[in-house]
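Residue strings, one per chain:
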Amino acid sequence: MAKVKIRENYHQARWDEPIIYELSTPGERGILVPQPEREIREEAGDILSKLPENMLRKEKPNLPEISQKHVLAHYLHLSQETLGSNLNNDISQGTCTMKYNPRINEKLATLIHEVHPLQDESTIQGLLSIYYRFEHMLKEISGMDKFTFQPGGGSHAVYTAASIIRAYHESRGELEQRNEVITTIFSHPCDAATPSTAGFKIITLYPNEETGVPDVEALKEAVSERTAALFITNPEDTGIYNPIIDEFVKIVQEAGGLCFYDQANANGMLGIARAREAGFDMCHFNVHKTFGTPHGCSGPGTGALGVRSHLAKFLPVPTVEYDGEKYYLDYDRPESIGKVRGFFGVAPVILKAYCWTMMMGADGLREVAEISVLNNNYLQKKIEAIDGVETWYAEGRRRLEQVRYNWRKLYEETGVGTDDIMRRIGDYGIQHYWTSHHPWVVPEPFTLEPCETYSKADLDEYAAVLERIAEEARKDPDFVKASPHKCASHVIAKPEELNDPSKWALTWRAYLKKHKKEEPSLG
Amino acid sequence: MKLGFIVNPIAGMGGKVGLKGTDGKEVLEKAIRLGAKPESPIKAKKALEVLKPYMDEIELITCHGSMGEEEATDLGFKPRVIGERKDKVGPEDTEEAAKLMLDMGVDLLLFAGGDGTARNVYNAIGDKLPVIGIPAGVKIHSAVYANHPRSAGEVALKYLRGEIKTIREAEVMDIDEEAFRKGQVTAKLYGYMRVPYERQLVQSLKAGRPEQEEAAQDAVADRIIDEMEPDVFYIIGSGTSTRPIMEKLGLPNTLLGIDIVKNKELVASDVGEKDILRIINGQKAKIIVTIIGGQGYIFGRGNQQLSGEVIKMVGKENIRIIATKGKIVSLGGQPILVDTGDDEVNRMFNGYMRVITSYNEEIMYRVKGL
């Protein structure tokens, strides 16, 4: 067996890099733009006078003035203070489904970067056909009847689902009566937050201590003539799959409620189980989780929302349709909830997701699920062998594609908690892990999700690093508590200072204003 | 930084020999005869150990002998020792020491014991001084205790170093030990002490900041008030969670007792069981209760006035449980408990009930009748 490599002597760069505005020197230039030739100047005339008065700036923009070399050095330094998206051991980002995003799809997406969303439909037939085909694939994967790709992310799609549910009950004259949405504490927090924003009351189910999923009795007690819908993730954050999810759906539907399946992360069941067979009315996928497109630092992403036929008329406009000859955008949908985002979604993301799905093929998608689950079960055995780690709930039952572990035991023994260990991981050149959504129902939590793109060596390295840190915690707890020691940024001594609105601002200009400093004069 | 440190050296001795507490001299003697060993000093040292690296920065004030001096000097501290040296110590010594420490201007009082000890400290200082308890007693219904001795030390350290700035009110509760040993449990809510709030250490779980908890309590109160029906009696339970309801209605509130409201007007204050039965007398009423103390009780601890008979008259369907999410999470998955002393009533609660956690939010949570 290959020896496990731990990066003992890793050390991240620390540049103490100023903000780019602080590097600015008045008059310094990165590029000298050549003056236009005389003939051109004469032909064009005074072009600025042709702009409407209200579009003209009164002051010059305050941009940093800095040479080309120093601009490049600045961004190089900043990049060296990160671990690099896509290329790190991101097993640690449980619930995020961080997998490698093939570079070729990024390349392909550049083919459409000059397409404008206001172009005539006849000029983007290829792009629309990709929307149409990708929708067809997701219909097949989920069993739903129609999709929208308009939402810009997962929670956005869930909010759209809540809006559709509102429209559905309103159309039946039951909205006033049906004002409660049921969810579970280990479902994604947006399953409570977005229906709440849409005006519903939220009833949250807690898990049975043994099974790790809510009892049917708890659901039955929650369901009534007031029930508008169930919003649920499965498997939940714990990685435990609710084996009687179809029964849950039936109970809610029999009471007149709709059922929404949060499948942001469907990595554990692609090609194996579908929302339709479980009886759901709607589901969504985060294509930036499950379908191989990047998590672009909060966007662009896409939350693909699918519904059964009885809800299709409420989907946002436009939908992408095909009349047998050409593809077109259909705005003529009188019962639609309207638009939830500009235009018709993030086209390059849909293109990348389409390419990824085409490359995988039907068998490949199933293999994604199989390897994700296998990786997770292999890692779980190794992690649970570490002294100090526990896994709560459903003892002896397999998790699907992620596990919520906890360091409660280690914490009680050594005083080293999950936040300390998280910081220490960075010292081995590995991304900090995700602890848990709030509230922390499981104490001292951490959540790992080894998707299909990690190798056995990645898994072994990860487990070995955690094992090492647990040993360190026993030998020298203060050392772990004072970590990281080798990262670009250290522990935040006074976190409350980062929240101090009198000190910080979102832009350089607001910062200067707040501290009554003058903006440098711009000649 | 001045830290007061009091150890109740006999706390916890009854537990391992099955005595359910050590309040009362005879019981203590019995515990010792049964082979009970002092548990509290060991736990107190676990807490104090956390502060050891900062020994030079902390002025430690403690009591003679096993009430703190021994534990502190064992760890290398050089504490200032107050009070008189005694062979046998009792609750009056805890009270006296706490009073002295208050007068000496300590910044925080760290004490080891159980519910009895918390009561003694409360009698002496009320809410004048922040405290944190090291759990060492048999009975820990009071919420002034950290979840683990080490955590108590960490809370103390963080507070003294200015890393914790928020203070919350926590219940001081105690059960009648004599009745307890006979198998009857009644716990009384004695008051609230001020405890540094470290979300991770006091409640063991991260569950929102105290200002969020306060906002949530306000939202719950708004919900209760908005849903109030005309001509229905509202029996408002004890505790800080129900306080905002009375405040928002502009009515005087009995923190440690039960008030009755109808048509948003006060009907009666600080009522006993008999008063409730007489006033309600079969008319429509609702009970608003919250989880009191650290163990998850909604009935039978801190609100004995809401007896089995009262509950039967009002009906289970007319009970509204309110609690912040933080409180629910701090139960660590354990069910909400009901112990009215009436088995039939207790059994009626087995199952799931809604807990109102915000204006628009409820948690469906397991309830267990003892």
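Refer to the preceding data block for the structure.
Residues numbered from 1 in each chain as written. Chains lettered and ligands numbered in written order. Predicted model: local features only at pLDDT ≥ 70, side-chain atom pairs only at ≥ 80, totals over all residues. Heavy atoms only, no water.

Q: So what's going on with the environment of Glu70 of chain B? Which residues, and what values?
A: All names here are of chain B. Note that Glu70 resides in helix H3 (residues 69–74). Looking at Glu70, the relative accessible area reads 43%, which means it is partly exposed. Each C-alpha atom, one on Glu70 and one on Val7, is 9.9 Å from the other, the two residues being 63 residues apart in sequence. (Helix = DSSP H or I, 4+ residues; strand = E, 2+ residues; numbered from the N terminus. Buried < 20%, exposed > 50% of the residue type's maximum accessible area, 1.4 Å probe, protein only.)

Q: Please provide a residue-by-residue account of the sheet that holds strand S4 (residues 108–113) of chain B, values included.
A: Residue and element names in this part refer to chain B. Ordered by their spatial adjacency, five strands build an open sheet running S3-S2-S1-S4-S5, and the pairing between neighbours is parallel. Either end of the sheet is taken by a strand with one partner, and the two such strands are strand S3 (80–82) and strand S5 (131–135). Pairs of neighbouring strands in the sheet enclose a mean axial angle of 25°, with direction left out of account. The strands that helix H2 (residues 40–51) touches are strand S1 (2–7), strand S2 (59–63), S4 and S5; relative to S1, the one it contacts most, it runs at about 165°. Helix H5 (residues 115–125) rests against S4 and S5 of the sheet, and its axis sits at about 150° to S4. (Pairing = 2+ DSSP bridges. Axes fitted to C-alpha atoms, helices over the stretch in contact; angles between N-to-C directions. Contact = heavy atoms within 4.5 Å.)

Q: Describe a nonpolar patch on the surface, with residues and values.
A: Residues and elements named next belong to chain A. Taken together, the side chains of Ile47, Leu48, Leu51 and Leu56 present a nonpolar region at the surface, about 360 Å² in accessible area. Here Leu56 shows up in the loop between helix H1 (38–44) and helix H2 (68–80). Assessed through its relative accessible area of 32%, Leu56 is described here as partly exposed. (Patch = residues over 30% accessible without salt bridge, like charges linked within 9 Å, V, L, I, M, F, W, Y side chains within 5 Å. Areas by Shrake-Rupley, 256 points an atom, 1.4 Å probe, with all protein chains shown as cover. Salt bridge = Lys/Arg side-chain N within 4 Å of Asp/Glu carboxyl O.)

Q: Talk me through the interface of chain A and chain B; I want residue IDs and the actual numbers.
A: On the side of chain B, 27 residues touch chain A, which itself brings 31 residues to the contact. Both faces combined, the contact of chain A with chain B buries some 2500 Å², and carbon together with sulfur accounts for 48% of it. When the area that chain A buries against chain B is broken down by residue, the three leading residues are Lys201, Tyr206 and Trp440 of chain A, summing to 22%. Elements supplying a minimum of two residues to the side of chain A that touches chain B: strand S3 (201–205), helix H7 (216–222) and helix H11 (408–414) of chain A. The element best represented in the side of chain A that touches chain B is S3 of chain A, accounting for five residues. Grouping the constituent residues of the side of chain A that touches chain B by class yields 13 nonpolar, five polar and 13 charged. (Buried area = accessible area lost by both parts, 1.4 Å probe. Nonpolar A, V, L, I, M, F, W, Y, C, P; charged D, E, K, R; others polar.)

Q: Can you lay out the state of the cysteines for me, pointing to particular residues and giving the numbers?
A: All names here are of chain A. All chains considered together, the criterion is met by zero disulfides over all chains. Free cysteine Cys96: the closest other cysteine sulfur is in Cys451, separated by 9.6 Å. Residue classification places Cys96 among the partly exposed residues on the basis of a relative accessible area of 21%. (Disulfide = S-S within 2.5 Å.)

Q: Got a sec to walk through the packing of aromatic side chains? Specific residues and values, please.
A: All names here are of chain A. Summed over the entire model, instances satisfying the criterion amount to 23 aromatic pairs over all chains. Taken together, a centroid distance of 5.1 Å and an interplanar angle of 25° make the contact between Tyr433 and Phe446 stacked. Residue Tyr433 is found in the loop between helix H12 (418–425) and strand S11 (445–448), and its partner Phe446 is found in strand S11; the two are separated by 13 residues along the sequence. Of the two residues examined, Tyr433 and Phe446, each falls in the buried class. Pairwise contacts between aromatic rings join Tyr131, Phe134, Phe147, Phe149, Phe285, Phe291, Phe344 and Trp356 into one cluster. (Phe/Tyr/Trp six-rings, centres within 6.5 Å; stacked < 30°, edge-to-face > 60°.)

Q: Tell me about helix H6 (residues 149–160) of chain B, and please be specific about residues and values.
A: The first and last C-alpha atoms of H6 of chain B sit 17 Å apart over 12 residues, in line with the 16 Å expected at 1.5 Å per residue. The element H6 of chain B is largely enclosed, with a buried count of nine among its 12 residues. (Expected span 1.5 Å × (residues − 1).)

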